[in-house]
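Listed below, chain by chain, are the residues.
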Amino acid sequence: MAELTFVGAAGTVTGSKHLLTVGGHYLFVDCGLFQGERAVTALNDAPLPVEADDIEAVVVTHGHLDHIGYLPKLVRDGFSGAIYCTPPTQALMQIVLEDAAQLQEEMARRGLEHERTAPPSYYNEGDVQRTLRLVRPVSLGTNFEVIPGVRTTYHNAAHVLGSAFAALELEGKRVIFSGDLGRYGRALLYDPDPIGTADAIVCESTYGDTVHPPDALASLKAALLDGVERGGVMVMPAFAVERTQDMLLAVAAIQRDEPRLKSLPVHLDSPMAEKVDDVFKKFPEAHKPIPNDGAATPFGVNDFSLAVTTDESKALNRLKGAHLIISASGMATGGRVLHHIHNHLADEKSTIIFVGYETCGTLSYILTHGAKTVRLFGDTLPVRAKIVNLSGFSGHADRNDFARWFSTCTAKPHLYAVHGEPNSAAALASFVKSQFGWSAEPAKRGVTVQL
Ligand SMILES: [Zn+2]
């Protein structure tokens with residue numbers, strides 16, 4: 001009898017890690033880091049239910065840190081099996097993990113381990129390189145053997161470039177792991193593939209209780225116009241992997257139609273931007289045609305500059321007047337965006353524009369939930385900047401996207417709601433019970449179920 005143990009992303013949105021036990025063999029689906037507040041990140045140090053070297057393979061759904069960020073630690077602890085993912089995810093994994101190792105080493109060097117936003121150091125660049133050598137890329141739609149008795153096929157999930165949901169066949173059953181499910185009608189990504197038949201679905205539930213606001217572009221335009229009118233700096237934390245491209249695309253579209261924003265200087269402060277662009281170019285079949293491809297700047301953004309080096313990044317501090325700085329990380333848990341927030345948070349003319357999900361305990365969560373002061377780099381800063389939170393740009397399915405995706409399932413599976421705060425997970429479980437007549441339950445961390 002196959003068993004599934006929820007090791008991470010159960011009752012929380014980070015640390016995705018699902019342990020499958022089939023015929024005495026072990027494999028993980030996803031292997032992410034816990035991120036956010038100390039009580040959550042402390043789970044990265046909790047022992048796994050089995051030894052790392054007993055795990056034979058990892059099936060990765062996509063290249064975000066909360067789904068792959070634990071891999072180098074697993075390797076450091078003795079894992080030497082195969083890591084499966086799609087070819088674009090393999091490319092993004094290299095960028096994301098190398099950045100994560102650098103960031104951890106840098107934070108450690110600076111002695112910031114005790115800052116709320118600074119993650120402790122779990123691995124170094126050598127561990128990352130050893131991890132990358134274990135990766136076996138598999139294209140969407142290809143059926144492959146993961147471990148004896150378990151076969152898998154990846155299908156498009158529309159969440160981030162290369163993202164896939166994994167359909168596992170084991171002991172005559174078909175078990176779907178959604179990974180992070182994206183949305184229908186995205187600018188750069190194709191719609192999620194249909195589910196087909198399923199006996200069980202391990203489904204993310206980040207926005208299981210929410211419908212995203214309909215016109216994200218209009219709300220961004222309003223925020224930018226307001227920022228320009230107030231004459232200050234606008235700082236937009238955005239994940240370097242794809243979210244940054246989504247936002248540049250949105251800004252370019254707004255600039256084309258709005259004369260008051262045509263000359264708004266846009267500065268992308270990202271050492272990773274060019275690498276991510278290269279991945280988009282390398283895998284044209286994995287995304288829709290790039291709008292305005294071939295323009296001198298990304299998507300034809302006006303007055304664009306790119307800061308790659310640290311000196312170029314620091315030079316942004318000296319700029320005057322209204323301008324937009326886009327920089328990572330998206331939840332302001334680290335990276336260069338922290339410096340920009342540090343520089344501008346106390347200025348009432350400034351605006352901080354959040355465009356993604358914020359998990360509890362992160363600086364983005366604290367700011368979007370009304371903090372009056374925050375501590376950053378040892379300073380206590382008053383929050384005078386305007387804080388804007390635009391959930392309409394989310395790369396995660398909302399209630400309507402889930403309903404559309406579930407309607408492509410030709411069976412009545414049992415659903416385990418993972419990757420959601422307790423309220424969202426419970427809401428998604430009761431939604432599929434009432435609307436689709438499936439059985440469902442929120443997953444609980446540490447609990448083992450029989451498939
Ligand atoms: Zn993700």
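Not measured: the values here are computed from a predicted model.

*Asks:* Hey, could you go over the overall build of the protein chain for me, with residue numbers and the actual values?
*Replies:* When its secondary structure is counted, the protein chain shows 13 helices and 22 strands. In terms of overall size, the protein chain behaves like a compact globule, its C-alpha atoms giving a radius of gyration of 21 Å where 451 residues would be expected to give roughly 22 Å. Oriented by its inertia axes, the alpha-carbon framework of the protein chain measures out at about 65 × 45 × 40 Å. Classification of the 451 residues of the protein chain by burial places 51% in the buried group. For the protein chain, long-range pairs separated by at least 24 residues make up 74% of all intrachain contacts whose partners lie at least 6 apart in sequence.

*Asks:* Any details on the pairing of strand 20 (residues 414–418)? Residues and values, ideally.
*Replies:* Where burial is concerned, most of strand 20 is hidden: four out of the five residues are buried. Across five bridges, strand 11 (residues 200–204) lies against strand 20 in parallel orientation. Pairing of Cys 203 across the sheet is with Ala 417, part of strand 20. Tracing the backbone out of strand 20, into helix 13 (residues 422–436) and back to the parallel element strand 21 (residues 439–442) gives a crossover that is right-handed.

*Asks:* Give me the lowdown on the packing of helix 6 (residues 216–230) against helix 7 (residues 243–257), citing residues and values where you can.
*Replies:* Packed helices, taken two at a time, are described by their axes: the angle between them and the distance between them. Interhelical geometry of helix 6 versus helix 7 gives an angle of 75 degrees and a closest axis separation of 10 Å. Comparing the axis directions of helix 6 and helix 7 gives the class roughly perpendicular. Taking contact as the criterion, the partners of Leu 217, Leu 220, Lys 221 and Leu 224 in helix 6 are, on helix 7, Ala 250, Ala 253 and Ile 254.

*Asks:* Describe the domain arrangement of the protein chain, with residues and values.
*Replies:* Partitioning the protein chain into domains gives domain 1 (3–210 + 395–450) and domain 2 (216–393). Spacing between the C-alpha centres of domain 1 and domain 2 amounts to 27 Å. Taken residue by residue, the interface counts 30 residues in domain 1 and 28 residues in domain 2. At nine residues, the largest contribution of residues to the side of domain 1 that touches domain 2 is made by helix 4 (residues 87–110). Of the residues contributing to the side of domain 1 that touches domain 2, the split by class is 18 nonpolar, nine polar and three charged.

*Asks:* Tell me about the sheet that holds strand 11, and please be specific about residues and values.
*Replies:* Spatial ordering of the open sheet is given by 7-8-9-10-11-20-21, a layout of seven strands whose pairing is mixed. Each edge of the open sheet carries a strand with a single partner, namely strand 7 (144–147) and strand 21. The average undirected angle you get between the axes of adjacent strands in this sheet is 25 degrees. Together, strand 11, strand 20 and strand 21 form the strand contacts of helix 13, whose direction differs from that of strand 21 by roughly 175 degrees.

*Asks:* If you had to explain helix 7 to someone new, which residues and values would you point to?
*Replies:* Since the α-helix turns once every 3.6 residues, residues separated by three or four places project in the same direction. Taking 1.5 Å of rise per residue, the 15 residues of helix 7 would be expected to cover 21 Å, and the 22 Å separating its terminal C-alpha atoms lies within 8% of that figure. Among the 15 residues of helix 7, eleven are classified as buried, and the element is accordingly described as predominantly covered. Buried residues of helix 7: Arg 243, Thr 244, Gln 245, Asp 246, Met 247, Leu 248, Leu 249, Ala 250, Val 251, Ala 252 and Gln 255, and no others. The secondary structure elements touched by the buried residues of helix 7 are helix 6, strand 12 (233–237), strand 13 (266–269), helix 8 (273–282) and strand 15 (323–327).

*Asks:* Run through unusual backbone geometry, naming residues and quoting values.
*Replies:* With an omega of 10 degrees, the peptide bond running from Ala 328 to Ser 329 counts as cis. Among the structural elements, Ser 329 can be located in the loop between strand 15 and helix 10 (337–344). The phi dihedral of Phe 299 is positive, around 60 degrees, even though this residue is not glycine. Despite not being glycine, Phe 377 has its phi angle at roughly 50 degrees, a positive value.

*Asks:* So what about the sheet that holds strand 15? Which residues, and what values?
*Replies:* Overall, parallel pairing links the six strands, which are arranged 14-13-15-12-16-19 in an open sheet. Of all the strands in the sheet, the pair left with one neighbour each is strand 14 (304–307) and strand 19 (386–389). Across the sheet, the mean angle separating the axes of adjacent strands is 20 degrees when strand polarity is ignored. Note: strand 12 against strand 16 (residues 351–354), two bridges, orientation parallel. For Met 234, the partnering residue across the bridge sits in strand 16 and is Thr 351.

*Asks:* Give me the lowdown on the nonpolar core, citing residues and values where you can.
*Replies:* Inside soluble globular proteins, nonpolar side chains tend to come together where they are buried. Of all hydrophobic cores here, the largest spans 140 residues; its most connected members are Leu 27, Met 236 and Ala 417. Considering every element that reaches this core, the biggest residue donor is helix 4, with seven residues. A domain split of this core shows at least three residues from each of domain 1 (3–210 + 395–450) and domain 2 (216–393). Ignoring any residue separated from it by four or fewer positions in sequence, one finds Leu 27 in contact with Leu 20, Ile 55, Glu 56, Ala 57, Val 58, Val 59, Val 146, Ile 147 and Val 150.

*Asks:* Can you tell me about the packing of helix 12 (residues 399–406) against helix 13, naming the residues and giving the values?
*Replies:* Remark: helix 12 packs on helix 13, axes separated minimally by 12 Å, with the N-to-C direction vectors making an angle of 50 degrees. Overall, the two elements helix 12 and helix 13 adopt an arrangement that is oblique. Relative to helix 13, the crossing made by helix 12 is right-handed. On helix 13, the residues touching Arg 399, Phe 402, Ala 403 and Phe 406 of helix 12 are Leu 428, Phe 431, Val 432, Gln 435 and Phe 436. Looking at the contact of helix 12 with helix 13, its residues break down into seven nonpolar, one polar and one charged.

*Asks:* Summarise the environment of Pro 291; cite the residues concerned and give the values.
*Replies:* The topology assignment puts Pro 291 in the loop between helix 8 and strand 14. The residues contacting Pro 291, other than those within four sequence positions of it, are Leu 249 and Phe 299.

Calculation criteria
Residues numbered from 1 in each chain as written. Predicted model: local features only at pLDDT ≥ 70, side-chain atom pairs only at ≥ 80, totals over all residues. Helix = DSSP H or I, 4+ residues; strand = E, 2+ residues; numbered from the N terminus. Rg over C-alpha atoms; globule rule 2.2 N^0.38 Å. Buried ≥ 20, exposed ≤ 12 C-beta atoms within 10 Å, placed from the backbone. Contact = placed C-beta atoms within 7 Å. Pairing = 2+ DSSP bridges. Right-handed = clockwise from strand over helix to strand, strands pointing away. Axes fitted to C-alpha atoms, helices over the stretch in contact; angles between N-to-C directions. Parallel < 35°, antiparallel > 145°, perpendicular 65-115°, else oblique. Domains from an automatic or database assignment. Nonpolar A, V, L, I, M, F, W, Y, C, P; charged D, E, K, R; others polar. Expected span 1.5 Å × (residues − 1). Core = buried A, V, L, I, M, F, W, Y, C linked by C-beta atoms within 7 Å. Left-handed = near helix turned anticlockwise from the far one by under 90°.

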